[in-house]
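So you can see what is in the structure, the chains are spelled out below.
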Amino acid sequence: MEVDCQAEESMVSAFDEESVELGDVKDMRLEAEAVVNDVLFAVSEMHVSQSLNSASDVAYINVETREGNRYCLELTEAGLRVVGYAFDQVDENLTTQYHETVYSLLDTLSPGYREAFGNALLQRLEKLKQNGQ
């Protein structure tokens, strides 16, 4: 029985090329900007910190919930977590849980976020329904 390995070899080559194009390390500053743009509609204020030093492996995001609570979030490969209870504040003694997504983190912090996100989802579904009829 003859085995043809060409397809598998092409898949490996394509994967390797893609890895090179995308790079091996995420820039957390760019990730942080994407996080902010993704959920800005559902919070009162959110921006990447300009005064805390971000790097390729960590970035800080300031967020004010719809309830008026302010947080400083840390974004790393491990996820997002609260590191302070004011903008641009990092409390080294604070040990908070990491969240895989900003949605999960904000869902635990803000009922207003949860409501805004749910309303946005309903609006999108209504538009899809109207366009489908």
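Residues numbered from 1 in each chain as written. Predicted model: local features only at pLDDT ≥ 70, side-chain atom pairs only at ≥ 80, totals over all residues. Heavy atoms only, no water.

Under an unreviewed UniProt entry, the protein chain has the name GSK3-beta interaction protein isoform X2 and belongs to Pundamilia nyererei.

## Let's talk about the packing of aromatic side chains
Per the counting criterion, the structure on display carries 4 aromatic pairs. Relative to Phe117, the ring of Tyr103 lies with its centre 5.8 Å away and its plane at 50 degrees, an arrangement referred to as tilted. Of the two residues, Tyr103 sits in helix H3 (residues 102–109) while Phe117 sits in helix H4 (residues 111–132), which places them 14 residues apart along the sequence. Here the aromatic residues Phe41, Tyr103, Tyr113 and Phe117 are joined through ring pairs into a cluster of three or more. When the ring centre of Phe87 is taken as reference, the NZ or CZ atom of Arg70 above it lies at 4.0 Å. (Phe/Tyr/Trp six-rings, centres within 6.5 Å; stacked < 30°, edge-to-face > 60°. Helix = DSSP H or I, 4+ residues; strand = E, 2+ residues; numbered from the N terminus. Lys NZ or Arg CZ within 6 Å of the ring centre and 35° of its normal.)

## Here's the deal with the nonpolar core
If you look at the biggest cluster of nonpolar residues, it comprises 23 residues, and the most contacted ones within it are Met46, Ile61, Val63, Leu73, Val102 and Leu106. If you list the elements that add at least two residues to this core, you get helix H2 (28–39), strand E1 (45–48), strand E2 (59–64), strand E3 (70–76), strand E4 (79–84), H3 and H4. Of the residues forming this core, the biggest block, 5 residues, is contributed by H2. Leaving out residues up to four positions away in the same chain, Met46 has contacts with Val35, Val36, Val39, Leu40, Ile61, Asn62, Val63, Leu73 and Val102. (Core = buried A, V, L, I, M, F, W, Y, C linked by side-chain atoms within 4.5 Å. Buried < 20%, exposed > 50% of the residue type's maximum accessible area, 1.4 Å probe, protein only. Contact = heavy atoms within 4.5 Å.)

## Overview of the confidence of the model for the protein chain
Keep in mind that low pLDDT regions are not for reading the predicted coordinates in detail. Summing up the model confidence of the protein chain, the mean pLDDT is 83 and the portion of residues at 70 or higher is 80%. Scored below 50 in pLDDT, residues 1–22 shows 1 contact in the model against residues more than four places distant or in partner chains. (pLDDT = per-residue confidence, 0-100.)

## Focus on the pattern of salt bridges
Applying the stated criterion across every chain yields a total of 5 salt bridges. In this structure, Asp107 and Arg114 form a salt bridge, with 2.8 Å as the shortest nitrogen-oxygen distance. (Salt bridge = Lys/Arg side-chain N within 4 Å of Asp/Glu carboxyl O.)

## As for H4
Here H4 spans 32 Å end to end across 22 residues, near enough to the 32 Å set by a 1.5 Å rise per residue. Every buried residue of H4 is listed here: Gly112, Tyr113, Ala116 and Ala120. Seen along its axis, H4 keeps its buried residues to an arc of 105 degrees; they face one direction. Turned more than 90 degrees off the buried face of H4, the exposed positions are Glu115, Leu122, Leu128 and Gly132. On the buried face of H4, the contacting elements are H2 and H3. (Expected span 1.5 Å × (residues − 1). Arc of directions from axis to C-beta.)

## Structural notes on the packing of H2 against H3
The angle between the axes and the distance between the axes are what describe a pair of packed helices. Between H2 and H3, the shortest axis-to-axis distance is 11 Å and the interhelical angle comes to 55 degrees. With respect to their mutual orientation, H2 and H3 come out oblique. Of the two elements, H2 crosses H3, and the hand of that crossing is right-handed. The residues of H3 that touch H2, namely those facing Val35, Asp38 and Val39, are Val102, Tyr103 and Leu106. (Axes fitted to C-alpha atoms, helices over the stretch in contact; angles between N-to-C directions. Parallel < 35°, antiparallel > 145°, perpendicular 65-115°, else oblique. Left-handed = near helix turned anticlockwise from the far one by under 90°.)

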